[in-house]
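# Fold and contact review
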Amino acid sequence: MNRTYLSLSLVFALVLTLFSSCGTSTTKETKKETKPNVVVIYLDDLGYGDLSAYGATEIQTPNIDAIANGGVKFTNGYASSATCTPSRYALLTGTYPWRNKDARILPGTAPLLIKTDQFTFPKMMKEHGYQTAVVGKWHLGLGTGVVNWNEHVTPGPNEVGFDEAYIMAATQDRVPTVYIDNGNVVGLDPNDPIEVDYKNNFEGQPTGKDNPELCEMMWHHGHNSTIINGIPRIGFMKGGEKARWNDVDMADHFLAKAQDYVKNHKDAPFFLYYAMQQPHVPRTPHPRFVGKSGMGPRGDVILEADWVIGEFMKTLEEEGILENTLVVFSSDNGPVLNDGYNDDAVELLGNHKPTGPLKGGKYSLFEAGTRVPLMTYWKGTIKPQVSDALVCQMDLMTSIGAMLGSDKTYSDSKNVLDAFLGTSVKGRESLVIEANTKTAFRKGDWILIPPYKGKPVNTQVNIEMGISTDFMLFNLKEDIGQENNLAKAQPEKLEEMLAEFTAIRGEYGNTKKLELR
Ligand code: NG6
Ligand code: CA
């Protein structure tokens, strides 16, 4: 009896060994594939409901849908913040933006927000042997305080982990309106130096405020300083006439840079952060897309972005690296219609719902501020599925590190690699979201929004901000539209959430003085 048992276990052990060595050799053979190229495609102000893959019926986004439907489409994917700079800060550092008091919407003259000695997502990729690049919108500050745009601009992306950087400094609506190639303004004529000022105008220069007759696009709020290409901007700029970008070509321009980058680096692992400008204001579709959505420029630039992404994905395929590239798609914050220009975004919206079923929008603590389209795509490796796992863009750093063999947890970034690869439905336990330094706490199906001072509705952009003098508690599974505040009905849940929130967040704005009621 004993002997039979012994020999049976020997056979079993042998089989196991065979299997595991078989497993080892497979791992070895596929070693190359565990270092896929990583591309993060990041849109600007694209809403949870802006894609047909996420339920939009009035607009069709077939190329982005192909990513969503061919990979993991997250229904609980979050940006860290309801505005751009903080979300980008979190994506690139793995750190909650509310830990850094300067992580707010930055002017084009702001100093570099990420410290040059701070560990970053691209630095981590470099440690794993990746070539790294950023193409597109930066908006994380440049230089150390006073930038001379006519000299090499540094520190910038090259100093925080990107081997290559072809960027715009801030946003499309902010000066300077020039491209910057590894710290140098593209097309700069030394005889026509660039000057930028966010406080004072340069003598004799027309502005949107004083010269509306020179504006081809009219400002609604803000955006009334220097007029460039007929579009009044935020901030004053003088000179650099030849270096100024052409707004309608911007999408094609960045696409060509991203495609060149892929072609030039396809033979070794690369990390590309491709930060597109759509559908942020000013919305300037190329003439090929004008009128195509029937929704005015906002819809047209979403169609443009979809086309760009299709072209980009084609390049990955043509270069033979589609099956060796992990593509992540997301948006830095939720949608807004009128963000400061009269561009018919409101008037021509029709039945389209940029927020989908969510409440709020850009700038808001309600869901539409931070819950955004998020998907991971890796042809041949990731199985198509919809995932309800709670994940945040900030988690990419630790998760991709884990994919590359690291066991480190970087700052607030969690390892949710299995969720990103679609091999698990488990995401992070909880998440603190941020909107203009105010924070809220998501855990499981619940979200707690503490009381804050401030206006409940931002009337300029017509968005409900998620601000109330009372605690708000919603069960998002049952009430995705956040209509039913359960704070009073569920005091125990409220208390539990508040305790966990406070443990992570510590002090959270003016709520620390308010008693739990
Ligand atoms: C706001 C701008 C808005 C947009 C935003 C930044 C005004 C009145 N509004 O200050 O148009 O530029 O900043 O957007 O100037 S973000 O997506 O980059 O965070
Ligand atoms: Ca944005």
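Computed from a prediction, not measured in an experiment: that's the story for all the values here.

Cut-offs and rules
Residues numbered from 1 in each chain as written. Chains lettered and ligands numbered in written order. Predicted model: local features only at pLDDT ≥ 70, side-chain atom pairs only at ≥ 80, totals over all residues. Heavy atoms only, no water. Near = heavy atom within 4 Å. Polar contact = N/O pair within 3.5 Å; in protein donor to acceptor, adjacent residues only side chain to side chain. Areas by Shrake-Rupley, 256 points an atom, 1.4 Å probe, with all protein chains shown as cover. Nonpolar A, V, L, I, M, F, W, Y, C, P; charged D, E, K, R; others polar. Buried < 20%, exposed > 50% of the residue type's maximum accessible area, 1.4 Å probe, protein only. Helix = DSSP H or I, 4+ residues; strand = E, 2+ residues; numbered from the N terminus. Pairing = 2+ DSSP bridges. Donors = N, O, S within 2.8 Å, 3.2 Å for Na, K, Ca; no water. Tetrahedral: all angles 85-135°; square planar, octahedral: opposite > 155°, others 65-115°. Domains from an automatic or database assignment. Contact = heavy atoms within 4.5 Å. Buried area = accessible area lost by both parts, 1.4 Å probe. Axes fitted to C-alpha atoms, helices over the stretch in contact; angles between N-to-C directions. Parallel < 35°, antiparallel > 145°, perpendicular 65-115°, else oblique. Core = buried A, V, L, I, M, F, W, Y, C linked by side-chain atoms within 4.5 Å.

### With respect to the site of ligand 1
As a structural note, the neighbourhood of ligand 1 is formed by 20 residues, with Cys84, Asp173, Arg174, Asp339 and Lys362 the closest of them. A distance of 3.0 Å separates an oxygen atom of ligand 1 from a polar side-chain atom of Lys137. Protein chains bury 86% of the 450 Å² of accessible surface belonging to ligand 1 in isolation. Counted by class, the shell around ligand 1 contains five nonpolar, eight polar and seven charged residues.

### Considering the pairing of strand β14 (residues 325–331)
Within a regular strand, the side chains alternate between the two sheet faces. Most of β14 sits inside the fold, with seven of its seven residues counted as buried. Neither face of β14 is exposed, since Thr325, Val327, Phe329 and Ser331 on one face and Leu326, Val328 and Ser330 on the opposite face are all buried. For strand β1 (residues 37–43) and β14, the ladder comprises seven bridges, and the chain directions are parallel. Directly across from Val38, in β14, lies its bridge partner Leu326. Pairing of β14 with strand β16 (residues 374–377), which is carried by four bridges, proceeds in the antiparallel orientation. Within the sheet, the bridge partner assigned to Ser330 lies in β16 and is Leu374.

### With respect to the coordination of the calcium ion (ligand 2)
Distances from the calcium ion (ligand 2) to its protein donors, namely Asp44 (OD), Asp45 (OD), Asp332 (OD), Asp332 (OD) and Asn333 (OD1), fall within the range 2.2 to 2.7 Å. Considering all six donor atoms around the calcium ion (ligand 2), angles at the metal cover 52 to 172 degrees and the coordination shape is irregular.

### Let's talk about the domain arrangement of the chain
How big an interface is tends to be expressed through the accessible area that disappears when the partners come together. Domain parsing of the chain yields domain 1 (34–194 + 239–429) and domain 2 (432–505). Measuring from the centre of the C-alpha atoms in domain 1 to the corresponding centre in domain 2 gives 27 Å. At the junction of the two partners, domain 1 supplies 30 residues and domain 2 supplies 29 residues. In total, domain 1 and domain 2 occlude about 2,500 Å² of area from one another, counting both sides; carbon and sulfur atoms represent 60% of this. Contact with domain 2 buries surface across domain 1, with Trp98, Leu365 and Phe366 losing the most and accounting together for 32% of the total.

### Looking at the sheet that holds strand β20 (residues 438–443)
In spatial order, the strands read β19-β20-β21-β24; together these four strands make up an open sheet with antiparallel pairing. Edge positions in the open sheet fall to β19 (430–435) and β24 (472–475), since each of these has one partner strand only. Strand-to-strand twist in this sheet, taken as the mean axis angle between neighbours without regard to direction, amounts to 20 degrees. Bridge analysis of strand β21 (residues 446–449) against β24 gives four bridges, and the strand direction is antiparallel. Following the sheet pairing, Leu448 is matched in β24 by Leu473. Against the sheet, helix α10 (residues 491–505) engages β19, β20, β21 and β24, with an angle of about 120 degrees to β20.

### Notes on the sheet that holds β16
Strand order in the open sheet formed by ten strands is β7-β6-β5-β4-β13-β1-β14-β16-β2-β17, with mixed pairing between adjacent strands. Two strands bound the open sheet, and with one partner strand each, they are β7 (184–185) and β17 (385–387). As judged from the three bridges shared by strand β5 (residues 164–168) and strand β6 (residues 179–181), these two strands associate in the antiparallel manner. Of the residues in β6, the one forming a bridge with Met168 is Tyr179. In the packing of helix α5 (residues 250–265) onto the sheet, the strands contacted are β4 (131–137), β5, β6 and β13 (270–275), and the crossing angle to β13 comes to about 175 degrees.

### Topic: the packing of helix α2 (residues 62–70) against helix α6 (residues 297–318)
One way to put it is that α2 packs onto α6 with a least axis distance of 7 Å and a crossing angle of 60 degrees. The angle between α2 and α6 falls in the class oblique. Contacts between α2 and α6 pair Pro62, Asn63, Ile64 and Ile67 from the former with Asp306, Trp307, Ile309, Gly310 and Met313 from the latter. Tallied by class, residues from the contact of α2 with α6 come to six nonpolar, two polar and one charged.

### What to know about the nonpolar core
It is characteristic of soluble globular proteins that their nonpolar side chains tend to be buried jointly. With 60 residues, the main nonpolar core has Met125, Trp138, Trp149, Tyr273 and Ile400 as its most contacted residues. Residue contacts for Tyr273: discarding those within four places in its chain leaves Val40, Tyr42, Arg88, Leu91, Leu92, Ala133, Val134, Val135, Lys137 and Phe162. One finds Met168, Phe289, Ala305 and Ile321 within the second-largest nonpolar core, a separate group that totals 48 residues.

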